[in-house]
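# Tertiary structure, described
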Amino acid sequence: MEKSIFELMEEYDYENIFFCQEKTLGLKAIIAIHNTTLGPAAGGCRMWPYETEADAIKDALRLARGMTYKNAAAGLPYGGGKCVIIGDPKRDKNEGLLRLLGRFINRLDGLFLTGVDVGTTIQDMDIMRLESPHVVTVSEAMGGPGDSGFATAFGVFQGIRACLKEVYGSPLPQGRAVAVQGVGAVGRELVKQLVETGAIVSIADVDQEKAKQVAAQYNVEVVEPENIHRLDVDVYSPCALGSVLNDQTIPELHCKIVCGCANNQLAEERHGDLLTQQGILYAPDYIVNAGGVVYNVESLSPGGFNRQHALEGVAHIYRTMGNVIALAKEQNIPTYRAADTLVEQRIALVRKVKSLVV
Ligand code: NAI
(Lines give C-alpha, C1' and ligand atoms only; values in the text may rest on other atoms or scores of the structure.)
Protein backbone atom coordinates (compact mmCIF):
# COMPACT_ATOMS: atom_id res chain seq x y z
CA MET A 1 0.00 0.00 0.00
CA GLU A 2 1.18 3.54 -0.81
CA LYS A 3 2.40 5.57 2.13
CA SER A 4 0.23 8.45 3.32
CA ILE A 5 1.56 12.01 3.08
CA PHE A 6 2.33 12.12 6.79
CA GLU A 7 4.10 8.77 6.62
CA LEU A 8 6.25 10.15 3.79
CA MET A 9 6.99 13.25 5.87
CA GLU A 10 7.89 11.20 8.94
CA GLU A 11 10.33 9.07 6.97
CA TYR A 12 12.98 11.83 6.83
CA ASP A 13 11.44 14.24 9.29
CA TYR A 14 10.06 16.91 6.92
CA GLU A 15 8.74 20.11 8.46
CA ASN A 16 6.05 21.31 5.98
CA ILE A 17 4.35 20.77 2.67
CA PHE A 18 2.44 23.68 1.12
CA PHE A 19 -0.04 23.10 -1.71
CA CYS A 20 -0.72 26.02 -4.07
CA GLN A 21 -3.77 25.86 -6.35
CA GLU A 22 -5.73 28.12 -8.69
CA LYS A 23 -8.06 26.64 -11.29
CA THR A 24 -8.40 29.37 -13.94
CA LEU A 25 -4.63 29.82 -14.34
CA GLY A 26 -3.98 26.09 -14.03
CA LEU A 27 -1.63 26.38 -11.07
CA LYS A 28 -0.89 23.23 -9.11
CA ALA A 29 2.34 23.51 -7.16
CA ILE A 30 3.86 21.90 -4.09
CA ILE A 31 6.46 23.49 -1.83
CA ALA A 32 8.23 21.01 0.44
CA ILE A 33 10.30 22.24 3.38
CA HIS A 34 12.64 19.59 4.71
CA ASN A 35 14.70 21.23 7.44
CA THR A 36 15.25 24.84 8.51
CA THR A 37 17.72 24.32 11.35
CA LEU A 38 20.44 26.21 9.48
CA GLY A 39 18.15 28.92 8.09
CA PRO A 40 15.35 29.53 5.58
CA ALA A 41 14.83 26.66 3.14
CA ALA A 42 16.50 27.32 -0.22
CA GLY A 43 15.87 25.27 -3.34
CA GLY A 44 14.83 25.56 -6.96
CA CYS A 45 11.47 25.62 -8.64
CA ARG A 46 10.94 22.65 -10.99
CA MET A 47 8.18 22.34 -13.59
CA TRP A 48 7.45 18.81 -14.78
CA PRO A 49 4.42 16.96 -16.23
CA TYR A 50 4.15 14.50 -13.33
CA GLU A 51 1.85 11.60 -14.08
CA THR A 52 0.28 11.62 -10.64
CA GLU A 53 0.04 14.01 -7.70
CA ALA A 54 1.76 11.36 -5.59
CA ASP A 55 4.78 11.44 -7.95
CA ALA A 56 4.95 15.23 -7.61
CA ILE A 57 4.79 15.10 -3.80
CA LYS A 58 7.49 12.43 -3.63
CA ASP A 59 9.74 14.36 -6.00
CA ALA A 60 9.30 17.60 -4.02
CA LEU A 61 10.17 15.79 -0.79
CA ARG A 62 13.18 13.97 -2.25
CA LEU A 63 14.56 17.15 -3.82
CA ALA A 64 13.95 19.25 -0.69
CA ARG A 65 15.93 16.81 1.44
CA GLY A 66 18.70 16.86 -1.15
CA MET A 67 18.86 20.65 -0.77
CA THR A 68 19.23 20.37 3.02
CA TYR A 69 22.37 18.29 2.45
CA LYS A 70 23.72 20.42 -0.39
CA ASN A 71 23.26 23.73 1.43
CA ALA A 72 24.60 22.37 4.72
CA ALA A 73 27.68 20.81 3.10
CA ALA A 74 28.43 24.08 1.31
CA GLY A 75 28.50 25.87 4.67
CA LEU A 76 25.51 28.04 3.78
CA PRO A 77 23.13 29.45 6.40
CA TYR A 78 20.16 27.84 4.63
CA GLY A 79 18.00 24.79 5.07
CA GLY A 80 16.48 22.66 2.33
CA GLY A 81 13.28 23.05 0.36
CA LYS A 82 11.96 22.65 -3.15
CA CYS A 83 9.00 23.74 -5.23
CA VAL A 84 7.49 21.60 -7.98
CA ILE A 85 4.87 22.85 -10.44
CA ILE A 86 2.75 20.13 -12.02
CA GLY A 87 2.59 20.86 -15.75
CA ASP A 88 4.38 20.81 -19.06
CA PRO A 89 6.78 23.77 -19.18
CA LYS A 90 6.35 24.06 -22.97
CA ARG A 91 2.55 24.12 -22.85
CA ASP A 92 1.28 25.14 -19.44
CA LYS A 93 3.55 27.98 -18.38
CA ASN A 94 2.19 31.53 -18.49
CA GLU A 95 2.73 34.87 -16.81
CA GLY A 96 -0.33 34.53 -14.60
CA LEU A 97 0.70 31.12 -13.29
CA LEU A 98 4.24 32.29 -12.53
CA ARG A 99 3.13 35.51 -10.83
CA LEU A 100 0.58 33.67 -8.74
CA LEU A 101 3.19 31.18 -7.61
CA GLY A 102 5.41 34.16 -6.76
CA ARG A 103 2.60 35.52 -4.57
CA PHE A 104 2.20 32.19 -2.78
CA ILE A 105 5.96 32.08 -2.17
CA ASN A 106 5.79 35.63 -0.85
CA ARG A 107 3.11 34.56 1.58
CA LEU A 108 5.67 32.24 3.18
CA ASP A 109 7.50 35.43 4.20
CA GLY A 110 11.06 34.23 3.54
CA LEU A 111 10.68 30.69 4.89
CA PHE A 112 11.39 29.49 1.33
CA LEU A 113 13.86 31.02 -1.15
CA THR A 114 13.81 29.83 -4.72
CA GLY A 115 15.36 29.93 -8.16
CA VAL A 116 15.71 28.14 -11.48
CA ASP A 117 15.50 24.38 -11.88
CA VAL A 118 14.53 21.87 -14.58
CA GLY A 119 11.65 23.32 -16.62
CA THR A 120 12.04 26.93 -15.45
CA THR A 121 14.26 29.75 -16.71
CA ILE A 122 15.82 32.95 -15.46
CA GLN A 123 13.11 34.81 -17.41
CA ASP A 124 10.46 32.89 -15.44
CA MET A 125 12.19 33.90 -12.21
CA ASP A 126 12.22 37.55 -13.33
CA ILE A 127 8.42 37.32 -13.63
CA MET A 128 8.00 35.64 -10.24
CA ARG A 129 10.30 38.23 -8.68
CA LEU A 130 7.74 40.91 -9.53
CA GLU A 131 5.62 39.31 -6.79
CA SER A 132 8.27 38.30 -4.26
CA PRO A 133 11.80 39.29 -3.21
CA HIS A 134 12.28 35.65 -2.13
CA VAL A 135 12.77 34.63 -5.75
CA VAL A 136 16.54 34.77 -5.91
CA THR A 137 18.08 33.68 -9.22
CA VAL A 138 16.93 36.55 -11.38
CA SER A 139 18.74 38.07 -14.36
CA GLU A 140 21.70 40.42 -14.09
CA ALA A 141 19.42 43.16 -15.44
CA MET A 142 17.31 42.71 -12.31
CA GLY A 143 20.37 42.77 -10.05
CA GLY A 144 20.68 39.01 -9.76
CA PRO A 145 23.42 36.51 -10.60
CA GLY A 146 22.09 35.53 -14.05
CA ASP A 147 23.02 32.12 -15.43
CA SER A 148 25.02 30.00 -12.99
CA GLY A 149 26.04 26.98 -15.10
CA PHE A 150 29.63 28.18 -15.18
CA ALA A 151 29.66 28.56 -11.36
CA THR A 152 28.51 24.95 -10.98
CA ALA A 153 31.27 23.94 -13.40
CA PHE A 154 33.82 25.92 -11.38
CA GLY A 155 32.75 24.00 -8.26
CA VAL A 156 33.11 20.65 -10.03
CA PHE A 157 36.52 21.80 -11.26
CA GLN A 158 37.52 22.46 -7.63
CA GLY A 159 36.25 19.01 -6.69
CA ILE A 160 38.37 17.44 -9.43
CA ARG A 161 41.43 19.34 -8.16
CA ALA A 162 40.85 18.07 -4.61
CA CYS A 163 40.51 14.48 -5.87
CA LEU A 164 43.64 14.77 -8.05
CA LYS A 165 45.55 16.03 -5.02
CA GLU A 166 44.48 12.97 -3.06
CA VAL A 167 45.20 10.43 -5.78
CA TYR A 168 48.30 11.91 -7.44
CA GLY A 169 49.66 14.29 -4.81
CA SER A 170 49.07 17.36 -7.00
CA PRO A 171 45.81 19.19 -7.76
CA LEU A 172 47.01 20.33 -11.18
CA PRO A 173 44.80 19.10 -14.05
CA GLN A 174 47.62 19.56 -16.55
CA GLY A 175 48.25 16.34 -18.49
CA ARG A 176 45.41 14.50 -16.73
CA ALA A 177 42.84 12.69 -18.87
CA VAL A 178 39.22 13.62 -18.15
CA ALA A 179 36.06 12.15 -19.74
CA VAL A 180 33.08 14.51 -19.59
CA GLN A 181 29.64 12.93 -20.10
CA GLY A 182 27.20 15.61 -21.28
CA VAL A 183 28.23 19.04 -22.53
CA GLY A 184 25.18 21.09 -21.63
CA ALA A 185 25.17 24.25 -19.53
CA VAL A 186 27.61 22.85 -16.95
CA GLY A 187 29.57 20.23 -18.94
CA ARG A 188 30.59 22.67 -21.64
CA GLU A 189 31.91 25.17 -19.08
CA LEU A 190 33.79 22.41 -17.29
CA VAL A 191 35.44 21.40 -20.58
CA LYS A 192 36.54 25.02 -21.03
CA GLN A 193 38.08 25.21 -17.56
CA LEU A 194 39.81 21.83 -17.94
CA VAL A 195 41.23 22.63 -21.37
CA GLU A 196 42.46 26.02 -20.16
CA THR A 197 44.42 24.28 -17.40
CA GLY A 198 46.00 21.72 -19.73
CA ALA A 199 43.87 18.62 -19.15
CA ILE A 200 43.33 16.13 -21.97
CA VAL A 201 39.57 16.04 -22.41
CA SER A 202 37.20 13.59 -24.13
CA ILE A 203 33.49 14.33 -24.39
CA ALA A 204 30.21 12.66 -25.28
CA ASP A 205 26.68 13.94 -25.68
CA VAL A 206 23.54 12.31 -27.04
CA ASP A 207 23.06 15.58 -28.91
CA GLN A 208 25.67 15.05 -31.64
CA GLU A 209 25.49 18.65 -32.81
CA LYS A 210 26.30 19.95 -29.34
CA ALA A 211 29.20 17.54 -29.01
CA LYS A 212 30.58 18.59 -32.39
CA GLN A 213 30.30 22.25 -31.54
CA VAL A 214 32.11 21.90 -28.20
CA ALA A 215 34.76 19.67 -29.79
CA ALA A 216 35.45 22.27 -32.47
CA GLN A 217 35.55 25.12 -29.96
CA TYR A 218 37.96 23.46 -27.52
CA ASN A 219 39.73 20.97 -29.76
CA VAL A 220 38.75 17.89 -27.75
CA GLU A 221 37.96 14.31 -28.75
CA VAL A 222 34.35 13.12 -29.12
CA VAL A 223 33.40 9.54 -28.26
CA GLU A 224 30.13 7.64 -28.50
CA PRO A 225 27.82 8.30 -25.53
CA GLU A 226 27.72 4.59 -24.59
CA ASN A 227 31.53 4.49 -24.32
CA ILE A 228 32.37 7.62 -22.36
CA HIS A 229 32.36 5.91 -18.95
CA ARG A 230 34.53 3.07 -20.24
CA LEU A 231 37.51 5.26 -21.20
CA ASP A 232 40.87 4.69 -19.55
CA VAL A 233 41.17 8.11 -17.89
CA ASP A 234 42.13 9.74 -14.62
CA VAL A 235 38.72 11.33 -14.12
CA TYR A 236 35.23 10.37 -15.30
CA SER A 237 32.91 13.36 -14.96
CA PRO A 238 29.17 12.60 -15.24
CA CYS A 239 27.47 15.87 -16.23
CA ALA A 240 24.25 14.61 -17.79
CA LEU A 241 21.99 12.17 -16.01
CA GLY A 242 21.46 10.60 -12.61
CA SER A 243 21.91 6.89 -11.73
CA VAL A 244 24.93 6.54 -14.02
CA LEU A 245 26.88 4.67 -11.33
CA ASN A 246 25.14 1.31 -11.23
CA ASP A 247 25.68 -2.46 -11.41
CA GLN A 248 26.24 -2.33 -15.15
CA THR A 249 28.56 0.70 -15.43
CA ILE A 250 30.77 0.36 -12.35
CA PRO A 251 32.57 -2.82 -13.50
CA GLU A 252 33.23 -1.05 -16.82
CA LEU A 253 34.93 2.01 -15.31
CA HIS A 254 38.65 2.50 -15.95
CA CYS A 255 39.15 5.72 -14.02
CA LYS A 256 40.70 6.64 -10.68
CA ILE A 257 38.19 9.39 -9.85
CA VAL A 258 34.49 10.04 -10.47
CA CYS A 259 33.64 13.73 -10.11
CA GLY A 260 30.83 15.45 -11.99
CA CYS A 261 27.80 17.69 -11.59
CA ALA A 262 24.92 15.30 -12.33
CA ASN A 263 22.50 14.90 -9.42
CA ASN A 264 21.95 11.49 -7.81
CA GLN A 265 24.77 9.71 -9.63
CA LEU A 266 24.67 6.63 -7.40
CA ALA A 267 21.77 4.42 -8.52
CA GLU A 268 21.69 3.15 -4.92
CA GLU A 269 23.85 3.94 -1.91
CA ARG A 270 25.54 0.55 -2.13
CA HIS A 271 27.08 1.65 -5.43
CA GLY A 272 29.13 4.12 -3.41
CA ASP A 273 30.53 1.15 -1.47
CA LEU A 274 31.21 -0.68 -4.73
CA LEU A 275 33.26 2.25 -6.09
CA THR A 276 35.37 2.30 -2.92
CA GLN A 277 35.94 -1.46 -3.19
CA GLN A 278 37.10 -0.92 -6.76
CA GLY A 279 39.62 1.68 -5.61
CA ILE A 280 37.82 4.59 -7.26
CA LEU A 281 37.58 7.91 -5.43
CA TYR A 282 34.00 9.17 -5.71
CA ALA A 283 33.27 12.87 -5.20
CA PRO A 284 29.72 12.97 -3.75
CA ASP A 285 27.54 14.84 -6.23
CA TYR A 286 25.97 17.27 -3.81
CA ILE A 287 29.39 18.27 -2.46
CA VAL A 288 30.87 19.22 -5.82
CA ASN A 289 27.76 20.50 -7.64
CA ALA A 290 26.88 23.15 -5.05
CA GLY A 291 28.66 25.91 -7.01
CA GLY A 292 25.44 27.18 -8.57
CA VAL A 293 23.59 27.54 -5.30
CA VAL A 294 26.57 29.13 -3.53
CA TYR A 295 26.84 31.62 -6.39
CA ASN A 296 23.11 32.36 -6.47
CA VAL A 297 22.56 32.97 -2.76
CA GLU A 298 25.31 35.58 -2.83
CA SER A 299 22.59 37.91 -4.08
CA LEU A 300 21.00 37.64 -0.60
CA SER A 301 24.06 39.10 1.12
CA PRO A 302 23.53 42.57 2.63
CA GLY A 303 25.66 44.31 -0.01
CA GLY A 304 23.88 42.62 -2.92
CA PHE A 305 25.41 40.35 -5.55
CA ASN A 306 29.21 40.48 -5.81
CA ARG A 307 30.59 38.15 -8.46
CA GLN A 308 34.12 37.98 -7.08
CA HIS A 309 32.91 37.16 -3.59
CA ALA A 310 30.49 34.59 -4.98
CA LEU A 311 33.26 32.81 -6.89
CA GLU A 312 35.47 32.79 -3.79
CA GLY A 313 32.62 30.98 -2.04
CA VAL A 314 32.43 28.42 -4.85
CA ALA A 315 36.20 27.85 -4.64
CA HIS A 316 35.67 26.55 -1.07
CA ILE A 317 34.41 23.34 -2.62
CA TYR A 318 38.08 22.38 -2.94
CA ARG A 319 38.42 22.45 0.85
CA THR A 320 35.04 20.81 1.49
CA MET A 321 35.93 17.91 -0.80
CA GLY A 322 39.28 17.63 1.01
CA ASN A 323 37.42 17.43 4.34
CA VAL A 324 35.18 14.68 2.99
CA ILE A 325 38.21 12.68 1.84
CA ALA A 326 39.96 13.17 5.19
CA LEU A 327 36.92 11.98 7.17
CA ALA A 328 36.42 8.98 4.87
CA LYS A 329 40.04 7.94 5.48
CA GLU A 330 39.93 8.59 9.20
CA GLN A 331 36.75 6.55 9.72
CA ASN A 332 37.45 4.06 6.93
CA ILE A 333 34.08 4.76 5.28
CA PRO A 334 33.10 5.52 1.67
CA THR A 335 33.10 9.20 0.68
CA TYR A 336 29.32 9.38 0.25
CA ARG A 337 28.91 8.38 3.89
CA ALA A 338 31.58 10.82 5.00
CA ALA A 339 29.70 13.63 3.22
CA ASP A 340 26.43 12.73 4.96
CA THR A 341 28.25 12.55 8.30
CA LEU A 342 29.72 16.04 7.88
CA VAL A 343 26.27 17.44 7.09
CA GLU A 344 24.53 15.67 9.96
CA GLN A 345 27.24 16.84 12.38
CA ARG A 346 26.80 20.44 11.26
CA ILE A 347 23.01 20.36 11.59
CA ALA A 348 23.24 18.69 15.02
CA LEU A 349 25.72 21.35 16.18
CA VAL A 350 23.52 24.25 15.09
CA ARG A 351 20.46 22.58 16.62
CA LYS A 352 22.37 22.30 19.90
CA VAL A 353 23.51 25.93 19.77
CA LYS A 354 19.92 27.07 19.22
CA SER A 355 18.72 25.00 22.16
CA LEU A 356 21.42 26.39 24.47
CA VAL A 357 20.26 29.99 24.14
CA VAL A 358 16.67 30.17 23.03
P1 NAI B 1 21.76 20.47 -19.58
O2 NAI B 1 20.42 19.93 -19.89
O3 NAI B 1 22.14 21.83 -20.04
O4 NAI B 1 22.89 19.46 -20.13
C5 NAI B 1 22.82 18.08 -20.06
C6 NAI B 1 23.48 17.52 -21.32
O7 NAI B 1 23.59 16.10 -21.20
C8 NAI B 1 22.69 17.80 -22.59
O9 NAI B 1 23.54 18.36 -23.56
C10 NAI B 1 22.17 16.43 -23.01
O11 NAI B 1 22.06 16.30 -24.42
C12 NAI B 1 23.25 15.53 -22.45
N13 NAI B 1 22.88 14.13 -22.24
C14 NAI B 1 21.68 13.62 -21.85
N15 NAI B 1 21.75 12.30 -21.76
C16 NAI B 1 23.01 11.94 -22.08
C17 NAI B 1 23.72 10.70 -22.14
N18 NAI B 1 23.11 9.54 -21.89
N19 NAI B 1 25.02 10.71 -22.52
C20 NAI B 1 25.63 11.87 -22.79
N21 NAI B 1 25.02 13.08 -22.74
C22 NAI B 1 23.74 13.10 -22.38
O23 NAI B 1 21.92 20.34 -17.99
P24 NAI B 1 22.97 21.04 -17.02
O25 NAI B 1 22.36 22.28 -16.48
O26 NAI B 1 24.30 21.10 -17.68
O27 NAI B 1 23.02 19.99 -15.82
C28 NAI B 1 23.63 18.71 -15.97
C29 NAI B 1 23.40 17.89 -14.72
O30 NAI B 1 23.89 18.57 -13.58
C31 NAI B 1 21.92 17.60 -14.40
O32 NAI B 1 21.86 16.32 -13.79
C33 NAI B 1 21.57 18.67 -13.39
O34 NAI B 1 20.51 18.26 -12.55
C35 NAI B 1 22.87 18.77 -12.61
N36 NAI B 1 23.08 20.05 -11.96
C37 NAI B 1 23.08 21.23 -12.68
C38 NAI B 1 23.28 22.44 -12.05
C39 NAI B 1 23.33 23.72 -12.84
O40 NAI B 1 23.79 24.73 -12.29
N41 NAI B 1 22.88 23.75 -14.09
C42 NAI B 1 23.51 22.52 -10.59
C43 NAI B 1 23.57 21.23 -9.94
C44 NAI B 1 23.34 20.05 -10.61
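The rules we used
- Residues numbered from 1 in each chain as written.
- Predicted model: local features only at pLDDT ≥ 70, side-chain atom pairs only at ≥ 80, totals over all residues.
- Heavy atoms only, no water.
- Pairing = 2+ DSSP bridges.
- Helix = DSSP H or I, 4+ residues; strand = E, 2+ residues; numbered from the N terminus.
- Contact = heavy atoms within 4.5 Å.
- Axes fitted to C-alpha atoms, helices over the stretch in contact; angles between N-to-C directions.
- Parallel < 35°, antiparallel > 145°, perpendicular 65-115°, else oblique.
- Nonpolar A, V, L, I, M, F, W, Y, C, P; charged D, E, K, R; others polar.
- Salt bridge = Lys/Arg side-chain N within 4 Å of Asp/Glu carboxyl O.
- Buried < 20%, exposed > 50% of the residue type's maximum accessible area, 1.4 Å probe, protein only.
- Near = heavy atom within 4 Å.
- Polar contact = N/O pair within 3.5 Å; in protein donor to acceptor, adjacent residues only side chain to side chain.
- Areas by Shrake-Rupley, 256 points an atom, 1.4 Å probe, with all protein chains shown as cover.

## Remarks on the sheet that holds strand S12 (residues 281-282)
If you walk across this open sheet you meet the 6 strands as S9-S8-S7-S10-S11-S12, and the pairing is parallel. In the strand order of this sheet, the two ends are held by strand S9 (221-222) and S12, each with one partner. Inspection of the sheet shows strand S8 (residues 200-204) paired to S9 by 2 bridges, in the parallel sense. The partner of serine 202 across the bridge, within S9, is glutamate 221. Against the sheet, helix H6 (residues 185-196) engages strand S7 (177-181), S8 and strand S10 (235-238), with an angle of about 170 degrees to S7.

## So, the packing of helix H2 (residues 53-73) against helix H13 (residues 335-356)
Running from amino to carboxyl end, H2 crosses H13 at an angle of 80 degrees, the nearest separation of the two axes being 9 Å. Overall, the two elements H2 and H13 adopt an arrangement that is roughly perpendicular. Here H2 contributes Thr68, Tyr69, Asn71, Ala72 and Ala73 to the contact with H13, which in turn contributes Asp340, Val343, Glu344, Arg346 and Ile347. Along the lines of polarity and charge, the residues of the contact of H2 with H13 split into 5 nonpolar, 2 polar and 3 charged.

## A short note on the pattern of salt bridges
On inspection of all chains with the given rule, the structure shows 17 salt bridges. Two residues, lysine 93 and aspartate 124, come together in a salt bridge whose shortest N-O distance is 2.6 Å. Residue lysine 93 is found in the loop between strand S5 (79-86) and helix H3 (95-107), and its partner aspartate 124 is found in helix H4 (residues 122-129); the two are separated by 31 residues along the sequence. Classification of aspartate 124 as buried rests on a relative accessible area of 7%. Linked by salt bridges that have partners in common, Arg46, Asp59, Arg62, Lys82 and Asp117 make up one network.

## Observations concerning the site of the ligand
Near the ligand you find 19 residues, and of these Thr152, Ala185, Val186, Asp205 and Lys210 are the closest. At a separation of 2.6 Å, an oxygen atom of the ligand approaches a polar side-chain atom of aspartate 205. Here an oxygen atom of the ligand and a backbone polar atom of alanine 240 are 3.0 Å apart. Calculation on the ligand without its partners gives an accessible area of 840 Å², and the protein chains cover 72% of this total. Each residue belonging to the shell around the ligand can be placed in one class, and the counts come to 9 nonpolar, 6 polar and 4 charged.

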